[in-house]
Amino acid sequence: MRYHVLGLGPLGSLVAHHIRRAVPPVHAVTLLHSKDARLRHAPTSLHVQTNGVVTTSDGFTQETFHPVPNTKIDSLFVTTRAPSTLPALRQLAPRLSPQSTIVLVQNGLGVYDKLIEHIFPDPQQRPHFIFAAATHTTLFPPSNSSNSGTHTVLQPTVGSIEFAIVPDPFGRNFEAGFLDEAVHASERRPRLSDLATGESDPLFQHYRSLRNTVAALLLAEPLNARWKSMAHVQLTLRRKVVVQSVIHPLTAIMGCRNGDVFSSPNALRIAARICEEASAIYAAQIGEETKAWIDASDTDMGDSVLGLGRLPRVLEPPNLVRECVKASETTKGAISPMLSALRYGRRTEIDYLNGYLLRLGKLYGVQTTANALLYNLLRMRASLPIDLIL
Ligand SMILES: NC(=O)c1ccc[n+]([C@@H]2O[C@H](COP(=O)([O-])OP(=O)(O)OC[C@H]3O[C@@H](n4cnc5c(N)ncnc54)[C@H](OP(=O)(O)O)[C@@H]3O)[C@@H](O)[C@H]2O)c1
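Starting from 1, residues in each chain are numbered consecutively following that chain's sequence as written. Local features are withheld for residues below a pLDDT of 70 in this predicted model, meaning they are given only at 70 or higher, and side-chain atom pairs are given and counted only at 80 or more; totals for whole chains, interfaces and linings count all residues. Side-chain measures were taken over the full set of non-hydrogen atoms in the model, leaving aside hydrogen atoms and water.

Along the backbone of the protein there are 13 helices and twelve strands. Its C-alpha atoms put the protein at 65 × 60 × 40 Å along the principal axes. The rule is simple: take the accessible area with a 1.4 Å probe, protein chains only, and divide by the maximum for that residue type; under 20% is buried, over 50% is exposed, in between is partly exposed. Taking all 390 residues of the protein together, the buried fraction comes to 47%. Partitioning the intrachain contacts of the protein with sequence separation of at least 6 by distance along the chain shows that 74% fall at a separation of at least 24. For the protein, the accessible surface area stands at approximately 19,400 Å², while carbon and sulfur atoms represent 55% of it. Counted as positive: Lys and Arg. Counted as negative: Asp and Glu, with His and the chain ends omitted from the count. Where a charge lies is defined by one atom per residue type, namely NZ (Lys), CZ (Arg), CG (Asp) and CD (Glu). Put simply, the protein has 39 plus and 32 minus side-chain charges, and the middle of one group is 9 Å from the middle of the other. Helix and strand definitions follow DSSP, with helices as H or I runs of at least four residues and strands as E runs of at least two, each counted in order from the N terminus. Residue contacts are counted whenever heavy atoms from the two residues lie within 4.5 Å of one another. Here the Shrake-Rupley method, with its probe set to 1.4 Å, supplies the accessible areas, and only the displayed protein chains count as covering residues.

On to the sheet that holds strand 5 (residues 61-64). Read across the open sheet, the eight strands follow the order 5-2-1-6-7-8-11-12; overall the sheet is mixed. Taken across any chain shown, the strands that pair with only one partner, and hence form the sheet edges, are strand 5 and strand 12 (225-227). Strand after strand, the sheet turns through a mean of 25° between neighbouring axes, direction not considered. Any two strands with at least two DSSP bridges between them are considered paired. An axis is simply a line fitted to the C-alpha atoms; with a helix, the fit covers only the stretch in contact. Between two such axes, the angle follows the N-to-C directions and lies from 0 to 180 degrees.

Looking now at the packing of helix 3 (residues 82-92) against helix 4 (residues 111-118). Between helix 3 and helix 4, whose axes approach to 10 Å, the crossing angle comes to 25°. On the basis of their axis angle, the class for helix 3 and helix 4 is roughly parallel. Handedness of the crossing formed by helix 3 with helix 4: right-handed. Residues Ala82, Thr85, Leu86, Leu89 and Arg90 of helix 3 touch helix 4, and the partners they reach there are Val111, Lys114, Leu115 and His118. In terms of residue class, the contact of helix 3 with helix 4 is made up of five nonpolar, two polar and two charged. Angle categories: roughly parallel below 35 degrees, roughly antiparallel above 145, roughly perpendicular from 65 to 115, and oblique for all the rest. It is the rotation of the near helix from the far one that decides the hand of a crossing: anticlockwise by less than a right angle makes it left-handed, clockwise makes it right-handed. Note on residue categories: nonpolar means Ala, Val, Leu, Ile, Met, Phe, Trp, Tyr, Cys or Pro, charged means Asp, Glu, Lys or Arg, and polar means any other residue, Gly included.

Around the ligand, the surrounding shell holds 23 residues, and the nearest of these are Arg38, Arg81, Asn107, Thr138 and Glu349. In the environment of the ligand, an oxygen atom lies 3.0 Å from a nitrogen or oxygen atom belonging to the backbone of leucine 11. Between N or O atoms, a polar contact is any pair within 3.5 Å; within protein, one atom must be a potential hydrogen donor and the other a potential acceptor, and residues adjacent in sequence are included only when both atoms are from side chains. Within the contact set of the ligand, a nitrogen atom lies 3.5 Å away from a side-chain nitrogen or oxygen of serine 84. Looking at the shell around the ligand residue by residue, the class counts come to eight nonpolar, eleven polar and four charged. The criterion for a residue being near a molecule or strand is simple. One of its heavy atoms has to lie within 4 Å of it.

What follows covers the side chain of serine 13. Relative to the elements of secondary structure, serine 13 occurs in helix 1 (residues 10-22). Contacts of serine 13, omitting those with residues within four sequence positions, involve Leu8, Leu46, Phe140 and Val153.

For any two aromatic rings, the description comes down to two numbers: the centre-to-centre distance and the angle of the planes. What counts as a ring pair is set by centres within 6.5 Å for rings of Phe, Tyr and Trp (its six-membered ring), and what kind of pair is set by the plane angle: stacked under 30 degrees, edge-to-face over 60, tilted for all other angles. Tallied over the full model, the rule gives five aromatic pairs. Plain terms: the ring middles of phenylalanine 120 and phenylalanine 129 are 6.0 Å apart, the flat faces sit at 70° to each other, and that makes the pair edge-to-face. Take phenylalanine 120 and phenylalanine 129: they sit in the same class, and that class is buried. Where phenylalanine 174 meets tyrosine 207, the ring centres are 6.0 Å apart and the plane angle is 75°; that geometry is what we call edge-to-face. Of this pair, phenylalanine 174 sits in the loop between strand 11 (161-165) and helix 5 (176-179) while tyrosine 207 sits in helix 6 (residues 204-219); the two residues are 33 residues apart in sequence, bridging distant segments of the chain. Judged by relative accessible area, tyrosine 207 falls into the buried class, the value being 1%.

Turning our eyes to something else, we now look at the nonpolar core. Ranked by internal contacts, the top residues of the largest apolar core, which has 66 residues, are Leu6, Leu76, Leu89, Leu92 and Leu115. Leu11, Ala16, Ala225 and Trp227 belong to the second largest nonpolar core, which has 37 residues in total. Throughout, nonpolar core names a set of buried Ala, Val, Leu, Ile, Met, Phe, Trp, Tyr and Cys residues whose side chains join them through atoms within 4.5 Å.

Looking at the assigned domains, one finds that the protein contains domain 1 (2-228) and domain 2 (232-383). Taken together, the 18 residues of domain 1 in the interface contact 19 residues of domain 2. When two parts are brought into contact, each loses some accessible area as probed by a 1.4 Å sphere; the total of that loss over both is the buried area. For the pairing of domain 1 and domain 2, the buried interface totals around 1,800 Å² over both sides, and the portion due to carbon and sulfur atoms is 60%. When the buried area of domain 1 at its contact with domain 2 is split by residue, Arg81, Pro83 and Leu109 rank highest and sum to 41% of it. Within the residue set of the side of domain 1 that touches domain 2, elements represented by two or more residues are helix 3, helix 4, strand 8 (128-134) and strand 11. In terms of residue count, the dominant contributor to the side of domain 1 that touches domain 2 is strand 8 (four residues). Here the residues of the side of domain 1 that touches domain 2 are counted per class, giving ten nonpolar, three polar and five charged. The source of the domain bounds is an automatic or database domain assignment.

Moving on to the side chain of glutamine 244. Looking at where glutamine 244 falls in the secondary structure, it is placed in helix 7 (residues 230-254). Residue classification places glutamine 244 among the buried positions, given a relative accessible area of 10%. Excluding its chain neighbours within four sequence positions, the residues that come into contact with glutamine 244 are Asn107, Gly108, Pro249 and Leu353.

As a further point, take the pairing of strand 3 (residues 45-50). Judged by how many residues are buried, strand 3 sits mostly within the fold: five of six residues are covered. Looking at chain direction, strand 3 and strand 4 (residues 53-58) are connected through six bridges and run antiparallel. Residue pairing for strand 4: threonine 50 is matched across the bridge by valine 53. The antiparallel hairpin formed by strand 3 and strand 4 contains two residues in its connecting segment, where asparagine 51 sits at a positive phi of about 50°. The sheet contact formed by strand 3 and strand 10 (residues 152-157) spans four bridges and is parallel. Residue pairing for strand 10: valine 48 is matched across the bridge by valine 153.

Following this line, the structure appears as C-alpha cells:
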C-alpha cells in the first residue's frame, strides 16, 4: 500500500508526519511535488513541535506528478488549499482509479462538487472519497527563527480530524456499524469490516485502499482522527464554512489577529447578518434535499418524516454567531489564512467560503446582500496593495 500526500504546507506535513510514524515501513508514504525542481529541496525527514516536544519522521519517498514509471495512486491525502485542488487533481487523474481513495483535508466547501463535475463525472468510475474537517492549528516557523527551513511544523493547538466516507455508488453501506440494531446504542461504532472484510471479500480489491486509508487515519493517534457519519461531518463543514466566512475576510480586510476581530460591536452586527443569510440558505438547501429524498422514496412516509428537513439547531443564526465568537477566542493569537494569503500575494480561499455561500444563495433564491458585500470587499482588498502604495 502507498499513501501519497499532496500539498506540503504545514497541515500536509503534519498529516504526512503522523501517517509515516503510524504505518509500518513496508508501506510507502510519498510526498508529491508539482515540479521537478522541488525534488532537490524535498524533505527526507519531517519534525513536528507540539507542546514543546519535537518528534521526527523519516523514510518518505518523493515523487513528481508524472514519475517514470508512471505508477497508480492507491491513497491520496489532499492538503492543498481549495483553489489549487482542481488543477492539481487534473494532472494526477490518470494515476487515479475507482480503486483509489482521496481524502480531502482542507477548508472550504465546493471542492468535491468541482472535482466530480470536471474530473470524475461518472459515479462508477470515481475514486472513493473521504471528507475531513481538521481543527489542528499548524504553521511553519518564521523565516528569522533558528528552525526555519528545517522542515519543522509548529503545532500550537492540538485539535482533531473528523472524517466521513462519501456513500458508495455501488450500494455498500459504509456506515452500517453506526446503525446496527443488533448492538446496544451505546456500543454502535463504525467498523472497518463494513468497508471490506478481508481477502475473503470478493470485492476486496475494489475497497482495499479505502479500508487501509481509514485504518491509517485511525492508527495515527496524534491526529485524533474520528470516523463520523456523513451527516455529522456535513454539519461540521457547513458550520465551519460560516465561521470562516466571517472571521477570515474580516481579519484580512482589517489586518488584525483572530482574537481582535470582535472588539467592536460593528463586527458582531456584520457577523449576525452573514449568519442569518447562511442559516436561510441551509434551511432552503436541507428542505430541498429532504423533498427530493421523499419524492425518490416513492412510498407514503406518514409520520416518519416529522422532524426531517428541519434546520439543525447549530445552524440557527444565534448559534452560528456564538460559534464565530468562540472560534475568534480559541484562536485569538492566530493570523487567519486569508490575511496571510493577502500578505504573501497568494490566492485566498474566499471562493470556497463566502463564494460558496453566494452560489448556494443564488441556487436556492436566498438574498445574500451582506455576504456579497464582504466577498467584494475582500476581492477589492486583494487586488489593491494599499499598504505598498502609501
Ligand atoms: N494550517 C492549519 O492549521 C490548517 C488547519 C485546518 C485546515 N487548514 C486548511 O488546510 C489546507 C492546507 O492548509 P495549509 O495551512 O497547509 O496551507 P498552505 O500553507 O497554503 O499549504 C498548502 C500547500 O499546498 C501546496 N500546493 C499548492 N498547489 C499545489 C500543487 N498544484 N501541487 C502540489 N502542491 C501544491 C502549496 O505549495 P506552494 O507553496 O508551492 O503553493 C503548499 O505547500 C487549507 O485549505 C487550509 O485552510 C489548515
